[in-house]
There are 2 protein chains.
Amino acid sequence: AGQEVVVTTDLLVEGVHFDLSFSPLKHLGFKAVAVNVSDVAAMMATPTQLVVGLSLPPRFTVEAVQELYAGMRLACEAYGVDLVGGDTTSSRGGLVISITALGMVAAGQAVRRSGGKPTDILCVSGDLGGAYLGLQVLEREKQAFLADPDTQPELDSYDYVVQRQLRPEARLDIVHELRELGVHPTTMIDISDGLASEVLHLCAASGTGARVFSEYLPLANPTLEAAAEFNLDPIMAALNGGEDYELLFTIPVADHAKIKNHPDITVIGHLTEHDDAVNLITKAGQAVPLQAQGFNHF
Amino acid sequence: AGQEVVVTTDLLVEGVHFDLSFSPLKHLGFKAVAVNVSDVAAMMATPTQLVVGLSLPPRFTVEAVQELYAGMRLACEAYGVDLVGGDTTSSRGGLVISITALGMVAAGQAVRRSGGKPTDILCVSGDLGGAYLGLQVLEREKQAFLADPDTQPELDSYDYVVQRQLRPEARLDIVHELRELGVHPTTMIDISDGLASEVLHLCAASGTGARVFSEYLPLANPTLEAAAEFNLDPIMAALNGGEDYELLFTIPVADHAKIKNHPDITVIGHLTEHDDAVNLITKAGQAVPLQAQGFNHF
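First, a word on what this report is: a plain description of the structure on this page. (Residues numbered from 1 in each chain as written. Chains lettered and ligands numbered in written order. Predicted model: local features only at pLDDT ≥ 70, side-chain atom pairs only at ≥ 80, totals over all residues. Heavy atoms only, no water.)

### Focus: the pattern of salt bridges
We count it as follows: Salt bridge criterion: a side-chain nitrogen from Lys or Arg within 4 Å of a carboxyl oxygen from Asp or Glu. Each helix corresponds to a stretch of at least 4 residues labelled H or I by DSSP, and each strand to a stretch of at least 2 residues labelled E; elements are numbered beginning at the N terminus. For each residue, the accessible area found with a 1.4 Å probe, counting protein chains only, is set against the maximum for its type, and the residue is called buried under 20%, exposed over 50%, and partly exposed in between.
Counted according to the given criterion, the structure contains 20 salt bridges over all chains. Here A:Lys31 makes a salt bridge to A:Glu243, at a shortest N to O gap of 2.9 Å. Highlighted residues: A:Lys31 in helix α1 (residues 25–41) and A:Glu243 in the loop between α8 (234–240) and β8 (247–251), separated in sequence by 212 residues. Exposure class is identical for A:Lys31 and A:Glu243. Each is buried. The residue B:Asp173 makes a salt bridge to B:Arg171 at a minimum N-O spacing of 3.0 Å. The class for B:Asp173 is partly exposed, based on a relative accessible area of 32%. Residue B:Arg171 is classed as buried on the basis of its relative accessible area, which comes to 10%. Bridged by salt links that share partners, the residues A:Arg164, A:Arg171, A:Asp173, A:Glu246 and A:Asp264 form one connected network.

Next up, the structure:
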């Protein structure tokens, strides 16, 4: 069977997608690549090559650019992708990173957002909400630093959530494991804008409704602890926080047995008929319409 | 024989690569695509798909974005390329357009910059220096407008050079014709930074010297007229002006007969041994080292 090329592109803009006052450049480089690899993975494709465009403000030093590239190369190695080219130019504004990733997939096998059927099971990889809480921690430390530059950052106890924000991983491992398990998802998307927004995308493209059960949403302990401290609802962080870069996908009911014991895949609900709403089912059994309400960068 | 995918990427940054006070958005969209198609063409590959990233300042209206896209679509139709996706985000600075183009070429047949041999003939398509003079005209009109907003722009007599600046064409036609003539260039590059800079690139990559004859440089009449009016040396405009997006390429001496009667290809010199310099030979027969000295955006 032939192979198809898939391609994704992404712009990361200073002041919109990242804040250089708390993003180390090496992490930023890694994240820029990971985000694009994640997009390719979400088609069940294998990323192969990457091109990078950088628009650099005059204040950037050669060392800064090297740090950024070091992070990008690290991610390229981690995901087995070749950095094949790029374009560098000056910027009158902030730093802009443009990445385009190519991937390969067996012809006709790329997973899209539109293949979902009622009764298909909604699954998510990893855990959710951490990246958003990491951002809260970083923003708080930034404010503390601005108020008193002698403050030492207190990030240790937030390692997990800060890491989720600054250096997310693309779940290429899940793509490989699904292939090995013989599971071909009917839809897939990566979670960049929050679970709610992504479920709505899949349902709109597939012409279905959905039921997502709040009690099934995977939340890691450090996320729950940070949420408690910041007085934030961890469910809202999972639904609307975004930037977790986990995979959301649907599989036919018949494949449920193949994934149900997977330690890193959680069933969170299922698709329903077109006429049905896209609902969150609370612990108390109430159905609340899902809304993409938060934290969308654009 | 199998096909290979080639990929090129390019960032166009407001205030660095274009000035919205005189670039109509539709032309800018066209140019952004043409520049990338030109890059693919310069590998003797056929452009197939394009992805676009836009970083939009808040002042941009929906209509403005539509104009930009209309220009991009026009170019995609002109060059037979599919616009297959993109990313749109906000910008804290100016407009940034990121384009990545994919192309196909028979495996092993992509033309690189490194294949040149001493005695290979240096050729260029079209004519040179026009885009630079177009920019001079536009800058002058902008200053006149800033001094007196009631001034009517006087662009009619500069149609050709202004067009060269605002709406360059990718020379995909030359690629097709070379294929039909059975000419396989040993090196090729498109002229974005000026002939001098591109000749130096080819020579550095191929490990050769070169002789470029100033009297052979193709200069169009409107370019000569504008140069006279602006008191600029048209040879310097051709060498260092840039943005003409013509193709510079080398062919083996044996292929000279195949191109010598082509109305749109000019022989401008030849490659020499590694130890030789890269020289411009003046009308008087003097050898002057070529330097990439001008107008380089970065």
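### Overview of the environment of A:Arg73
Residues and elements named next belong to chain A. Looking at where Arg73 falls in the secondary structure, it is placed in helix α2 (residues 62–79). Since its relative accessible area comes to 46%, Arg73 is described here as partly exposed. Each C-alpha atom of the pair Arg73 and Gln152 lies 30 Å from the other, and the pair is 79 residues apart in sequence.

### With respect to the relation of the copies chain B and chain A
Selection criterion: The superposition of copies rests on a least-squares fit of C-alpha positions from residues with pLDDT of 70 or more in both.
Between chain B and chain A, the superposition needs a rotation of 180 degrees and an axial shift of 0.0 Å, giving an RMSD of 0.0 Å. Both copies of the chain, as the preceding transformation shows, are related through a two-fold rotation axis. Closest approach to the rotation axis within chain B is made by the C-alpha atom of B:Gly93, at a distance of 2.2 Å.

### Regarding the interface of chain B and chain A
To keep things clear, this is the line we draw: Any pair of residues with heavy atoms lying within 4.5 Å of one another is described as a contacting pair. Note on definitions: buried area is the accessible-area loss of two parts on being combined, 1.4 Å probe, summed for both. Pairs of N or O atoms within 3.5 Å make up the polar contacts considered here, provided that, within protein, one atom can donate a hydrogen while the other can accept it, and that residues adjacent in sequence are counted only when both atoms are side-chain atoms. For this classification, the nonpolar set comprises Ala, Val, Leu, Ile, Met, Phe, Trp, Tyr, Cys and Pro, the charged set comprises Asp, Glu, Lys and Arg, and every other residue, Gly included, is treated as polar.
Taken together, the 30 residues of chain B in the interface contact 30 residues of chain A. Summing the contributions of chain B and of chain A, the shared interface buries around 2,300 Å²; its carbon and sulfur component is 70%. Counting across the chain B and chain A interface gives zero salt bridges. Applying the counting rule to chain B against chain A returns eight residue pairs in polar contact (both at pLDDT 80 or more). Every element with two or more residues in the side of chain B that touches chain A is listed here: β1 (3–13), β2 (46–56), β3 (82–90) and β4 (96–106) of chain B. Considering only residue class, the side of chain B that touches chain A consists of twelve nonpolar, 14 polar and four charged.

### A few points about the sheet that holds strand β5 (residues 121–125) of chain A
Residue and element names in this part refer to chain A. What counts here: Strands are labelled as partners when DSSP assigns at least two bridges between them. Structural elements are reduced to axes, namely lines fitted to C-alpha atoms, with helices fitted over the stretch in contact, and the angle between N-to-C directions of any two is expressed from 0 to 180 degrees.
As summarised here, the arrangement of the seven strands in space is β6-β8-β5-β9-β7-β10-β11, forming an open sheet in which the pairing is mixed. The sheet is open, and its two edges are formed by β6 (187–190) and β11 (287–289), each paired on a single side. Along the sheet, successive strands turn relative to each other by an average axial angle of 25 degrees, direction set aside. Bridging between strand β7 (residues 209–213) and strand β9 (residues 265–272) involves four bridges; their strand directions are antiparallel. The partner of Ala210 across the bridge, within β9, is Leu271.

### Quick look at the sheet that holds strand β10 (residues 278–281) of chain B
Residue and element names in this part refer to chain B. Strands sit in the order β6-β8-β5-β9-β7-β10-β11 across an open sheet of seven strands; the sheet is mixed. Here the strands that pair on one side only, and so sit at the sheet edges, are β6 (187–190) and β11 (287–289). Averaged over all pairs of adjacent strands, the angle between their axes in this sheet comes to 25 degrees, without regard to strand direction. Helix-sheet contacts for helix α5 (residues 172–181) involve β5 (121–125), β6, β8 (247–251) and β9 (265–272), and the interaxial angle to β8 is about 20 degrees. In the packing of helix α6 (residues 195–206) onto the sheet, the strands contacted are β5, β6, β7 (209–213), β8, β9 and β10, and the crossing angle to β6 comes to about 150 degrees.

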